[in-house]
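A look at the structure
Residue strings, one per chain:
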Amino acid sequence: MTHGWLQLEFLRPEWLSAVAILPLLGWLYLRSLVDLPKRQMIASLCVRAFLVLLLILALAGLNGMTASRQVFVVFAVDRSLSIGESGRQSADRFLQEATGVADRDRFVVLPFASSPQDASADGGFDSAWQSGSHLQNAIEVARAAVPPDRVPHVVLLSDGNQTSGDVMSVLNRSARISTVPLETQSQPELQVSAINVPAQVADGEPFQIEVVVNANHDDQAMVEVFRDGYRILAEQQSIAAGENLFRFPQQIDRPTEFTARLTPVNEADESTFRDHFLDNNTASGLVYTAGQPRVLFIERVPELARPMQWALKEEGIQVDVRPPAAMPDSLAELQNYEVVMLSNVPANDLSTKQMDVLRSFVSDVGGGFIMLGGDESFGLGGYYKTVVEDILPVRSDFEKEKQKPGLGMVLVIDKSGSMGGQKIELAKDAARGTVELLSSKDQIGVIAFDGSPYWVSPITSAAQKSTVIDRIASIEAGGGTSLYPAMQEAFQALQGISAKLKHVIVLTDGFSTPGDLEGITQDMAALRITVSTVGLGDVDQGLLERMADIGGGRSYFCTDASSVPQIFARETITASKSAINEEPFLPTLVRATPVLEGVPLDDAPFLLGYVVTRPRPTSEVILAQPETGDPILSWWRYGLGMSVAFTSDARSRWAADWLTWDGYNRFWAQVVRHCMRKSDTRGLTVDVQRSGDQTHLIVDTLDGNGEFLNSAVTTLTLVDPDLKSHSVRMAQTAPGRYEAVVETKSPGTWNLQLTQSQNGEILHQQSRGLVIGYSDELRLRGTNRELLQSIARASGGTFEPAANSVFEANPTESAAAAVPLWPWLLSLAAMLFVADVALRRLDLSRLFGTQVHRSSLRA
């Protein structure tokens, strides 16, 4: 409500509903038996009603709103790297002059860069200079810092170069914004502004790489160009002030990342290289090509890959063979291939990063993955509960055949003080995984040792898995390292059980106190108890190797504790002797598929063995072992890609007869092509444009008749440099055109996978990449006076205001200052209460007359 210049507000308006009790006072007046003059009773009723009304208004939080013209100033000071030294000094001078005579409760200083920093009320700011300028966030936070009873005035001190956000989108007349331009960096500076490459070229098509170099002075520099990390040229160039453009011819036959870099001409004397920031001397770009399909074949012994390499080459598929250590650990490098094949590679040969990249390659960018069998593949390779097993259409935790012998196993785990933290947790994970892989006919015991051993779980049936797993969780690190007593305990316990196979796994991360470890291992071997050892970190490798050799087991050494669970899983399946079936068989076609059309499977020779696995419920089993039904060839779709499991091998151990089979080349070529990442560029063009932290993608598509393709489901999957992915549905904005704008803030390589479908059928799949380099804050730019003028004009502020004028009030601006009225209301209510009591207790007939209240007459 309004009364002249005074406005009223209620903080708790729900209390106003209490006015409903006022009629009750009237009713009580009519029913009163008090023998007082009628006029005195009416006066008492009015006083009491007014008293109740005052209490209700006080409870409702009645405030009076008065107009305030006192200005509160927020100084938003740009602290980004683009501000030069003269600009910083100008900002300090302006602040000192503006705040020198102002009360501290009338202003606040808000330093900002990529995000607002801690504000202070004393005019000083000591935070470090940062990369990035987010003017939009700075304005929003500055407006929120103004007390509600003050007139807001934001003074923005900046060079006007915003690297993220859009400041003009948040401007309105709710806060006056004045702008003070600051000078940008003036030190000598060179930068690679961009490397311009075509998004896609034909295989072998010549094209130009354009390297754009900007400078604010004349200089000499080496311009180096790298192709997938390898330097392909280096030329000395004269750099002139302004923009410089250098072109280099190139040809490619696969997706390639090009990087340009500026370096000193004389690396021994960098003083001749006048450059303030070095972080902006590199830029990268990605070029895609359809080219010949390429397969990455991972094999520990490259010579064993030749049969597959030759077979696929004859079918027009190029194969690159690498050892496990050379498998890419970046998605950008893996994008060079359509399919990745692992041939008998154990899990502990691959890093966690390599596995994560492989999963993202299949799931997020539609790549293909094929795992071939062998004595170090699938479960035997320790892939149980790994990222790679998640991709596969088969599982490694199978039920053992009834005729397989029972296994008695003891895990001997070092719990000394050096095993603390992640080591002991991974050791417990490994032990739990081992228990889960055993069948109910097996037996398992767990010993933990430090200076002395103790049974975490005595040898018991693996049918009681949950009990054993719960006990494993109780292991805690601490103490010394004495392995021999623990080995004695394991030896004695295994002698007392009936199992055809007996096995001990020892895990330790240090040197044990002296003991006849080789002797007790020899005693175990004499009773057909096998021993395997796992050394983690700095251990006595010679001793552990001799123990494994004497015990007929295997020895492992790892520097990364994360590989321990895979080693234990591999050991468990190997020791149970149930993961391999080496009886010759002819694979049976379970499900007819056009993928194998034309392959003479009826003439296929025997396979001599395979790794036992079990299929996942949604996978397709194509070939199987005729007697057991175990999968030999199976596949399924995983995310955007395809995963294939061939549980026999493709070399001379199990597939010796297949190597000379007439259908060998065609069989593998068709399986590989079925698994390949699909990339159809006909009728599809993709334009990728980056601006600030956002990337704009435009897709234009035509159907087979050359007409615009409309109403297609177009999905964009983005994989950031940390391998996190998310999908975006692209919107149709014109005939045949689909667009999306996405945030791409993190520096590094972003992989983009485009999938277009209609009526459930995939029409197009395209891969693109984007390299996010250094921040725009490091680019050579002058003060953006036009933007600063626009900010001031749009908000009613002043461009380049005088420092001593920022606290001046604007006659057209005011703020509402709240004045609480409840103390006055309660004071008046207290006085009325006294009056009400007096009217009820005193005889004031002389004052109000002698007429008696009619209720008294009725009485």
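These numbers were taken from a predicted model, which means no experiment stands behind them.

**Some points on the overall build of the protein chain**
- When helices and strands are counted, the protein chain shows 19 helices and 42 strands.
- Here the C-alpha atoms of the protein chain give a radius of gyration of 40 Å, more than 25% beyond the 29 Å that 2.2 N^0.38 yields for 859 residues.
- Principal-axis analysis of the C-alpha atoms gives the protein chain an extent of 130 × 85 × 65 Å.
- Of all 859 residues assigned to the protein chain, the portion counted as buried reaches 51%.
- Of the accessible surface of the protein chain, which amounts to about 38400 Å², a share of 50% is contributed by carbon and sulfur atoms.
- The protein chain carries 73 positive and 101 negative side-chain charges, and their two centres are separated by 10 Å.

**Examining the pairing of strand β36 (residues 713–719)**
- Of all 7 residues in β36, 5 are buried; the element is thus mostly enclosed.
- Looking at chain direction, β36 and strand β40 (residues 748–758) are connected through 7 bridges and run antiparallel. Looking at β40, one finds that V719 is bridged to N751.
- Here β36 runs beside strand β37 (residues 725–729); their pairing, made up of 5 bridges, is antiparallel. Of the residues in β37, the one forming a bridge with T715 is R729.

**Observations regarding the pairing of strand β39 (residues 737–743)**
- Burial along β39 is one-sided: the face carrying Y738, A740 and V742 is buried and the face carrying R737, E739, V741 and E743 is not.
- In this structure, strand β35 (residues 694–701) lies alongside β39, joined through 7 bridges in antiparallel fashion. Bridge pairing links I698 to E739 in β39.
- In this structure, strand β38 (residues 731–734) lies alongside β39, joined through 3 bridges in antiparallel fashion. Within β39, the position partnered with A734 by the bridge is R737.
- Between β38 and β39, which pair antiparallel in sequence order, lie 2 residues; one of them, G736, sits at a positive phi of approximately 75 degrees.

**Remarks on the nonpolar core**
- In this structure, M341, I370, L633, F667 and W668 are the most contacted members of the largest nonpolar core, which totals 41 residues.
- Of all the secondary-structure elements, those providing two or more residues to this core are β16 (294–299), α5 (306–314), β18 (339–343), β19 (368–372), β31 (620–624), β32 (631–638), β33 (641–646) and α15 (664–675).
- At 7 residues, the largest contribution of residues to this core is made by α15.
- Filtering out sequence-adjacent residues up to four positions away, L633 remains in contact with L596, E620, V621, I622, L623, V644, A645, F646, F667 and V671.
- Counting residues in hydrophobic clusters, the runner-up holds 39 residues, among them V340, M355, L358 and A569.

**Here's the deal with the pattern of salt bridges**
- One pass over the full model with this rule turns up 23 salt bridges.
- The salt bridge partner of E85 is R88, with a shortest N-O separation of 4.0 Å. In this pair, E85 and R88 are both assigned in helix α3 (residues 85–99), 3 residues apart and thus about one turn of the helix distant.
- The partly exposed category is assigned to E85, whose relative accessible area is 44%.
- Of the charged contacts in the structure, one is a salt bridge between R322 and E333, with a shortest N-O distance of 3.2 Å. One end of the pair, R322, is in strand β17 (residues 318–322); the other, E333, is in helix α6 (residues 331–334), and 11 residues separate them in sequence.
- Residue E333 is classed as partly exposed on the basis of its relative accessible area of 31%.
- Residues joined in a network through salt bridges with shared partners are E224, R231 and R261.

**Topic: helix α13 (residues 541–550)**
- Turning to α13, its buried residues number three or more, namely L543, L544, M547 and A548. End-on view of α13: buried residues confined to an arc of 130 degrees, all on one side of the axis.
- Its buried side turned inward, α13 meets α11 (483–495), β24 (501–508), α12 (517–526), β25 (529–536) and β26 (552–558).
- Positive phi shows up at G552, right after α13, with a value of about 70 degrees.

**A short note on the layout of surface pockets**
- Approximately 690 Å³ is the volume attributed to the largest pocket.
- Together, 28 residues line the largest pocket, and I195, S284, G285, L770 and V771 are the ones closest to its centre.
- For the lining of the largest pocket, the leading source of residues is strand β15 (residues 282–289), giving 6 residues.
- Partitioned by chemical class, the residues of the lining of the largest pocket number 13 nonpolar, 10 polar and 5 charged.

**Looking at unusual backbone geometry**
- The backbone of D228 sits at a positive phi, close to 50 degrees, despite the residue not being glycine.
- Residue position: D228 is located in the loop between β11 (219–227) and β12 (230–239).
- One non-glycine residue with positive phi stands out, namely N344, at about 55 degrees.
- Its location among the elements puts N344 in the loop between β18 and α7 (352–363).

**Considering the sheet that holds strand β4 (residues 71–78)**
- Taken in spatial order, the 4 strands make up an open sheet running β5-β4-β6-β7, and their pairing is parallel. With partners counted over all chains shown, the strands left at the sheet margins are β5 (107–112) and β7 (176–181), one partner each. Strand-to-strand, the axes of this sheet are offset by a mean angle of 20 degrees, without reference to chain direction.
- The strands touched by α3 within the sheet are β4, β5, β6 (151–158) and β7, with β4 carrying the most contacts at an inclination of about 170 degrees.
- Helix α16 (residues 785–795) rests against β6 and β7 of the sheet, and its axis sits at about 160 degrees to β7.

**Topic: the environment of Q187**
- Along the chain, Q187 falls in the loop between β7 and β8 (190–196).
- For Q187, a relative accessible area of 27% corresponds to the partly exposed category.
- When the C-alpha positions of Q187 and M409 are compared, they lie 70 Å apart, and in sequence the two are 222 residues distant.
- Q187 has contacts with N216 and H276, leaving out every residue within four places of it along the chain.

**Some details on the sheet that holds β36**
- Taking strand neighbours across the sheet as the criterion, the 4 strands line up as β37-β36-β40-β41 in an open arrangement whose pairing is antiparallel. Lying at the two open borders of the sheet, with one neighbouring strand each, are β37 and β41 (761–772). For this sheet the average axis-to-axis angle between neighbouring strands, irrespective of direction, equals 20 degrees.

**Here's the deal with a nonpolar patch on the surface**
- Taken together, the side chains of I21, L24, W27 and L28 make up a nonpolar region of the molecular surface, amounting to roughly 390 Å² of accessible area.
- With respect to the helices and strands, the residue L28 is situated in helix α1 (residues 22–31).
- Accessibility expressed as a relative area gives 43% for L28, which makes it partly exposed.

Rules and cut-offs
Residues numbered from 1 in each chain as written. Predicted model: local features only at pLDDT ≥ 70, side-chain atom pairs only at ≥ 80, totals over all residues. Heavy atoms only, no water. Helix = DSSP H or I, 4+ residues; strand = E, 2+ residues; numbered from the N terminus. Rg over C-alpha atoms; globule rule 2.2 N^0.38 Å. Buried < 20%, exposed > 50% of the residue type's maximum accessible area, 1.4 Å probe, protein only. Areas by Shrake-Rupley, 256 points an atom, 1.4 Å probe, with all protein chains shown as cover. Lys, Arg positive; Asp, Glu negative; His and termini not counted. Charge placed at Lys NZ, Arg CZ, Asp CG, Glu CD. Pairing = 2+ DSSP bridges. Core = buried A, V, L, I, M, F, W, Y, C linked by side-chain atoms within 4.5 Å. Contact = heavy atoms within 4.5 Å. Salt bridge = Lys/Arg side-chain N within 4 Å of Asp/Glu carboxyl O. Arc of directions from axis to C-beta. 1 Å grid on protein atoms, 1.4 Å probe; cavity = no way out; pocket = protein on both sides within 12 Å on 5 of 7 lines; lining within 4 Å. Points joined across faces, edges and corners; volume = space filled by probe spheres on them. Nonpolar A, V, L, I, M, F, W, Y, C, P; charged D, E, K, R; others polar. Axes fitted to C-alpha atoms, helices over the stretch in contact; angles between N-to-C directions. Patch = residues over 30% accessible without salt bridge, like charges linked within 9 Å, V, L, I, M, F, W, Y side chains within 5 Å.

The values reported here are purely geometric and, on their own, carry no functional implication.
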